[in-house]
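Here's the letter readout for the chains.
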Amino acid sequence: MCSVVGYVGHRQSCSVVLEGLSRLEYRGYDSAGFACIDTRTQQLSCAKAVGKLSSLTQQLQQNPIDGSVGIGHTRWATHGVASQANAHPHFDCFKTLSVVHNGIIENYQALKAELESKGHVFVSATDSEVIAHLFEQSLVDHGHCISKATTALVSQLHGAYACIIVMQNQPDLLIAIRKSSPLCIGFGTQEMFIASDVLAFAGKTDKVAFLPEQTYAFVKQDSVSVYTFNNEPVALSLQKLDVAWLATDKAGYEHYMLKEIYEQKSAIYKTITAACQNEDSLWHFANDQAKSLSFADDKQLKSLKILGCGTSWHAGRIGEFFFEEVAGLPTTAALASEFRYRTFFPSKNTLYCAISQSGETADTLEAVRFLHGQGCATTTITNVASSTLVRECGRYFLTHAGPEMAVASTKAFTTQVAALYWLANRIAYEQGTVTLSGYNASNDALLMAGELLENGLETYRSYIFQTVAPAYAACEKFIFIGRHITYPFALEAALKLKEIAYIFSQAYPAGELKHGPLALIDEDTPVCVFSHPDPIMYQKILSNAQEIKARKGRVLAFVFEGQTELIQLADHVFVFPIVHPHLSVVVMTGVMQLLMYAIAKLRGCDIDRPRNLAKSVTVE
């Protein structure tokens, strides 16, 4: 879960690479590094720093190095702690070649042992360093023929990798290699850009090629040659780069997360209005082959399987209720990280929908690739039209959350839920189970839910910061409960508290309290109760809250108007207008997120860049 950036061209590379890294820093921020063929010495030079990219930038300002060929990296640690030695770029024994890598080399221990037996000396605890030493050895073994050495290198590496190599004796060349990890090349005028994501060079060129799976490229400032891992030439497909880099600031907010919480109403509106404008289909299509899956297929759907990780899985769990109760489609949401390791039962007229904010989530991509191997139809809901999931699924639903700079997802979550709600109602309309007026009413209700989300923020902001957050910020454990659609919402709330406040939190279906978790209840373990607009569900949740209070537990309740008993029972309470049960989670989302934010702020946590995490999870 790192970002790699490379540049070869007519200008100095340091500023170009650092800017690209800054745009992708959400992928990892344990350490950062830059290497180039320094113009002054014609030697391969490097700078590394522990911590965020700003530390590397400061170091390079004090001790500058630069050249027309350079590579850079920001790291999210997998092998070895965050340290200067483990920071990328990594080198061969003589420091004449250097590599940056995103992914995991699964057989690095065996390769490292073999290389050490041949005299190679390693200086880091990473799996990535083995690439540099293995390429050094391959060059020796193949008479310094770069093509043969590269083919030998990739034949021995197992795992996932997107890497860029620079060599001192080839000062006009970068080698880019891709297997199961995204890598793209931007074509400029007498310059080339290489990166994990097009955002790294958006605005600097309008032409991009996505490196095909299991290929490597020799990249010079005016040419690119691409080969398969079997050393067969590949013709690259150039695409117009229509992704713009919009420099985002905090717009006066203290944190990006706070800004993005307040952008949710607008994000929901943009997502739904864009969907309604696509009159011919539920989906957009990335290629002609995807278009061959006609709109009629959606009318014939018999079941839906949703795949996701983390927040996207929670959105999928919420979506189960939409598709089953609105469209009458049997639906299950599966963890993408577990999907391939269970027995697979293919079924006809089933659509598999992968949800990912970035469209690069490794576990979700691997699940989709498995499904394609089984001949299954897939689609994706994502926020990035240029992502790997869009290209590989072919058809997609684009959320319009805009850039989400904070690691903890906020508006990406609500737009995913909104997308699932819209899709369920649109499919129901196409299949004839919902009338046109009912479909239109569902869109209006969803937009109104976004309005109520924002109203909740304004209503409870002071109460959260002055009263509720101070009452719970010192807690070291927290329980969340809900029923029906509010249970997966409780899962998302528990995840938010873990992510940004570092508080151990667990979510349970409320009906399961009596089956064990009640043993955890005491005066120091508050329980956040998410109620439900349905009267029957509410009575059950009220009983659960009474059980908690009977054991001297503290109750923080999210309730709906008229639920007087729970309002009076709770130690602290947020009251929301009654809406359709399906939209209850949307209405509560903003206040829930703002409360978690306020608790994290009081605890002094790094809210936008939580420890140990990264935004785009590109390794399994």
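Note: the structure precedes this text.
Definitions and cut-offs
- Residues numbered from 1 in each chain as written.
- Predicted model: local features only at pLDDT ≥ 70, side-chain atom pairs only at ≥ 80, totals over all residues.
- Heavy atoms only, no water.
- Helix = DSSP H or I, 4+ residues; strand = E, 2+ residues; numbered from the N terminus.
- Rg over C-alpha atoms; globule rule 2.2 N^0.38 Å.
- Buried < 20%, exposed > 50% of the residue type's maximum accessible area, 1.4 Å probe, protein only.
- Contact = heavy atoms within 4.5 Å.
- Areas by Shrake-Rupley, 256 points an atom, 1.4 Å probe, with all protein chains shown as cover.
- Disulfide = S-S within 2.5 Å.
- Pairing = 2+ DSSP bridges.
- Axes fitted to C-alpha atoms, helices over the stretch in contact; angles between N-to-C directions.
- Core = buried A, V, L, I, M, F, W, Y, C linked by side-chain atoms within 4.5 Å.
- Parallel < 35°, antiparallel > 145°, perpendicular 65-115°, else oblique.
- Left-handed = near helix turned anticlockwise from the far one by under 90°.

**Q** If you had to explain the overall build of the protein chain to someone new, which residues and values would you point to?
**A** Looking only at helices and strands, one finds 19 helices and 26 strands in the protein chain. Rg of the C-alpha trace for the protein chain: 26 Å, near the compact-globule value of 25 Å for 620 residues, within the 12% margin. Overall size of the protein chain, expressed as C-alpha extent along the three principal axes, is 80 × 55 × 45 Å. Expressed as a percentage of its 620 residues, the buried residues of the protein chain come to 59%. The long-range fraction of contacts in the protein chain, counting pairs at least 24 apart against all pairs at least 6 apart in sequence, stands at 72%. When the accessible surface of the protein chain is totalled, it reaches about 23,400 Å², and 51% of it is carbon and sulfur.

**Q** Would you mind going over the state of the cysteines in detail, with residue names and values included?
**A** Cysteine pairs can be covalently joined through their sulfur atoms, and such a bond is termed a disulfide. Considering all chains together, one arrives at zero disulfides under this definition. Free cysteine: cysteine 393, not disulfide-bonded; nearest cysteine sulfur from cysteine 353 at 8.2 Å. For the unlinked cysteine cysteine 528, the closest cysteine sulfur is that of cysteine 475, found at 12 Å. Judged by its relative accessible area of 0%, cysteine 528 is buried.

**Q** Tell me about the sheet that holds strand E7 (residues 159-167), and please be specific about residues and values.
**A** Across the sheet, seven strands lie side by side as E5-E6-E7-E8-E12-E13-E14; this open sheet has antiparallel pairing. Both edges of this open sheet fall to strand E5 (90-91) and strand E14 (233-234), since each of them pairs with a single strand only. Inspection of the sheet shows E5 paired to strand E6 (residues 97-105) by two bridges, in the antiparallel sense. Bridging from a neighbouring strand, histidine 90 pairs with valine 99 of E6. Contacts between helix H4 (residues 129-141) and the sheet are confined to E5, E6, E7 and strand E8 (170-179), with E6 contributing the most and set at about 125 degrees to the helix.

**Q** Give a description of the sheet that holds strand E24 (residues 527-530) that names residues and reports values.
**A** Taken in spatial order, the five strands make up an open sheet running E23-E22-E24-E25-E26, and their pairing is parallel. The sheet is open, and its two borders are formed by strand E23 (504-509) and strand E26 (572-576), each paired with just one other strand. Strand after strand, the sheet turns through a mean of 15 degrees between neighbouring axes, direction not considered. Where E24 meets strand E25 (residues 555-560), four bridges bridge the pair, whose relative direction is parallel. By the bridge assignment, cysteine 528 is partnered in E25 with leucine 556. Packing of helix H16 (residues 486-501) onto the sheet brings it into contact with strand E22 (477-482), E23 and E24, and relative to E23 it is tilted by some 175 degrees.

**Q** Could you give me a rundown of the nonpolar core, with the residues and numbers involved?
**A** Counting residues in each nonpolar core, the largest one holds 94 residues, and the members touching the most others are Phe480, Phe530, Phe558, Phe574 and Leu595. Broken down by element, this core gets its largest block of residues, 13 residues, from helix H19 (residues 584-602). Leave out the neighbours within four places in its chain, and phenylalanine 530 touches Phe480, Ile481, Gly482, Arg483, Thr486, Phe489, Ala490, Ala493, Ile541, Phe558, Met588 and Met592. Counting 28 residues, the second-largest nonpolar core is a separate cluster that includes Ile105, Ala149, Cys163 and Phe229.

**Q** Go over the packing of helix H10 (residues 311-325) against helix H14 (residues 411-430), please, and point to the residues and values.
**A** Two elements in contact, H10 and H14, have axes separated by 9 Å at closest approach and are oriented at 25 degrees. One way to sum up the angle between H10 and H14 is to call them roughly parallel. Every pair of crossing elements has a handedness; the one defined by H10 and H14 is right-handed. Listed contacts from H14 to Thr311, Ser312, His314, Ala315, Gly316, Ile318, Gly319, Phe322 and Phe323 of H10 are Phe413, Gln416, Val417, Leu420, Tyr421, Leu423, Ala424 and Ile427.

**Q** Describe the pairing of strand E4 (residues 69-75), and please don't skip the residues or the numbers.
**A** The buried count for E4 comes to seven of seven residues, which makes it a mostly enclosed element. The pairing of strand E1 (residues 3-9) with E4 spans six bridges and is antiparallel. The residue bridging glycine 6 from the neighbouring strand is isoleucine 71, located in E4. Here six bridges tie strand E2 (residues 31-37) to E4, and the two strands are oriented antiparallel to one another. Bridge pairing in E4 links phenylalanine 34 to glycine 72.

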